[in-house]
Amino acid sequence: EVLSDAEKRQKYDKFGLDGLEEGGGGGGRSADDIFSMFFGGGAGGGGGRKAPRKGESINHPIKVSLEDLYNGKTVKLAINRQVIIGEATLCSSCDGQGIVVELRQIALGMVQQVQKRCPRCTDGYLCKTRKERKVLEVHVEKGMKNGQKVSFRGMADEKPNMEPGDINFIVQEKKRCPRCTDGYLCKTRKERKVLEVHVEKGMKNGQKVSFRGMADEKPNMEPGDINFIVQEKEHDGFKRKGADLLITKTLSLNEALCGFEFEITHLDKRKIVIKSTPGEIIKPETLGGQPYVKIVSNEGMPSKGNPFVKGDLYVLFRVEFPVDGELDTETVATIKKALPNPSMDLEYDEEEVEICHLDGADVKNFGKGGTSETSGAYDSDEEDPNQNVECRQS
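Along each chain, numbering runs from 1 in the same order as the chain's sequence is written. Restriction of local features to residues with pLDDT of at least 70 applies here, the model being predicted, together with a cutoff of 80 or more for giving and counting side-chain atom pairs; totals for whole chains, interfaces and linings are based on all residues. Hydrogens and waters are ignored; side-chain quantities use all the structure's heavy atoms.

### Section: the overall build of the protein
Phase 1: Secondary structure follows DSSP: runs of H or I at least 4 residues long count as helices, runs of E at least 2 residues long count as strands, and numbering of each begins at the N terminus. A tally of helices and strands in the protein yields 6 helices and 19 strands.
Phase 2: Only protein chains enter the accessibility calculation, which uses a 1.4 Å probe. A residue is then buried if its area is under 20% of the maximum for its type, exposed if over 50%, and partly exposed in between. Looking at the protein as a whole, 19% of its 394 residues qualify as buried.
Phase 3: Whether two residues are in contact is decided by their heavy atoms, any of which lying within 4.5 Å being enough. Considering only contacts in the protein between residues 6 or more positions apart, those separated by 24 or more positions represent 55%.
Phase 4: Surface exposure of the protein reaches about 32900 Å², of which carbon and sulfur atoms provide 48%. Accessible surface area values rest on a Shrake-Rupley calculation with a 1.4 Å probe, where residue burial reflects the displayed protein chains alone.

Right under this line is the structure:
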């Protein structure tokens, strides 16, 4: 009934079922219409008419000098764009889709479906167009940077059933003049100057010593600075981190247990003797498996700006044990008697137990023992019962 009545069909197309029920007034907005006002579409997907699509924007580079970027400039540029003449109609070749589907046979019994733009229309509409010439005033604002753009909304080519795109002029800084220096002609000369670079106590790698206004002179501008960047060289004996220093010391087992003292030459040429306290034991590593470290307080690097405040000197210890066979039986007995918790002798019958000795090993090989699995057959001296036997007749 609705489709057969032209007036009802028009109301249905415009207002939906609510328009038919309310007599076609369409005076009040439905919830979908209110929703579409704020979010651009109905809650149920139907709603009012969709906003026209926006066409592709066009970008034009505009080259300006550094002076123009500093002071600002207005440029007049001519553009050529496409405008629509008259009304646009739907294309019958593609049914208003803008694309046509072609079937191509790529092999016997195999067909490929290919989509391409319709050659007769513009996005599904047939229309006449003409070229229009328009002069735009491009205003380059003060302080604009290279790559920024000046936009003209809706000034790109017109296409049916869509909003025209924008024309964007992209700022490109012009190449500098090879004859002058920032617009000024002047004579220059090379000057040799000796600078005293003072590296303060406690300066770190990457910090800089600056000389203000000592860079090259250029007309109509203040000279730049010369910066000397501190690059710290590696030291053979000391390692640095922040205001702390670290050295590595290897002790014998005797020194680790009975006490030690050794001398180092500090970075300021002072001789420092580091000595253990009575009863102090140096371990090969901590309980957590970390290197065993102790510190000498206030013997690290001075702090920049306050050289009287210093870091600490860290001493990383390594304990060197005797090698196999170095200790004779008498020495072992003496050490065993002197040290606590000696090994207890076990009572066992050598004929009933297996006695094993230790070999050298590398923990990196843990998990690589045994034979590797292979997919091949095992070698065997037994004859294969299924082996083919060659028979000969005499």
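### Re a nonpolar patch on the surface
Phase 1: A residue counts toward a patch only above 30% relative accessible area and without a salt bridge, and it is joined to like-charged neighbours within 9 Å or, for Val, Leu, Ile, Met, Phe, Trp and Tyr, to nonpolar neighbours within 5 Å. Definition used for salt bridges: Asp or Glu carboxyl oxygen within 4 Å of a side-chain nitrogen of Lys or Arg. Residues Leu 257, Ile 281, Leu 327, Val 332, Ile 335 and Leu 339 make up a contiguous nonpolar surface patch of about 440 Å² in total accessible area.
Phase 2: Its place among the elements puts Ile 335 in helix α6 (residues 329-338).

### Examining the pattern of salt bridges
Phase 1: Enumeration over the complete set of coordinates arrives at 7 salt bridges.
Phase 2: A salt bridge links Lys 275 to Glu 261; its shortest N-O distance comes to 4.0 Å. Linking Lys 275 in strand β15 (residues 271-275) with Glu 261 in strand β14 (residues 261-265), this pair joins segments that are 14 residues apart in sequence.
Phase 3: Each member of the salt-bridge network shares a partner with another, and the members are Asp 268, Arg 270 and Glu 299.

### Structural notes on the sheet that holds strand β16 (residues 292-296)
Phase 1: A strand pair is defined by DSSP finding two or more bridges across the two strands. Strand order in this open sheet of 4 strands is β12-β13-β19-β16, and the pairing throughout is mixed. The two strands at the open ends of the sheet, each matched to only one other strand, are β12 (239-241) and β16. The mean angle between the axes of side-by-side strands here comes to 35°, regardless of whether they run parallel or antiparallel.
Phase 2: Here 8 bridges tie strand β13 (residues 244-252) to strand β19 (residues 313-320), and the two strands are oriented parallel to one another. What sits directly across from Thr 250, in β19, is Arg 318. Lines fitted to C-alpha atoms define the axes here, with helix axes fitted over just the stretch in contact, and angles between the N-to-C directions of these axes take values from 0 to 180 degrees.

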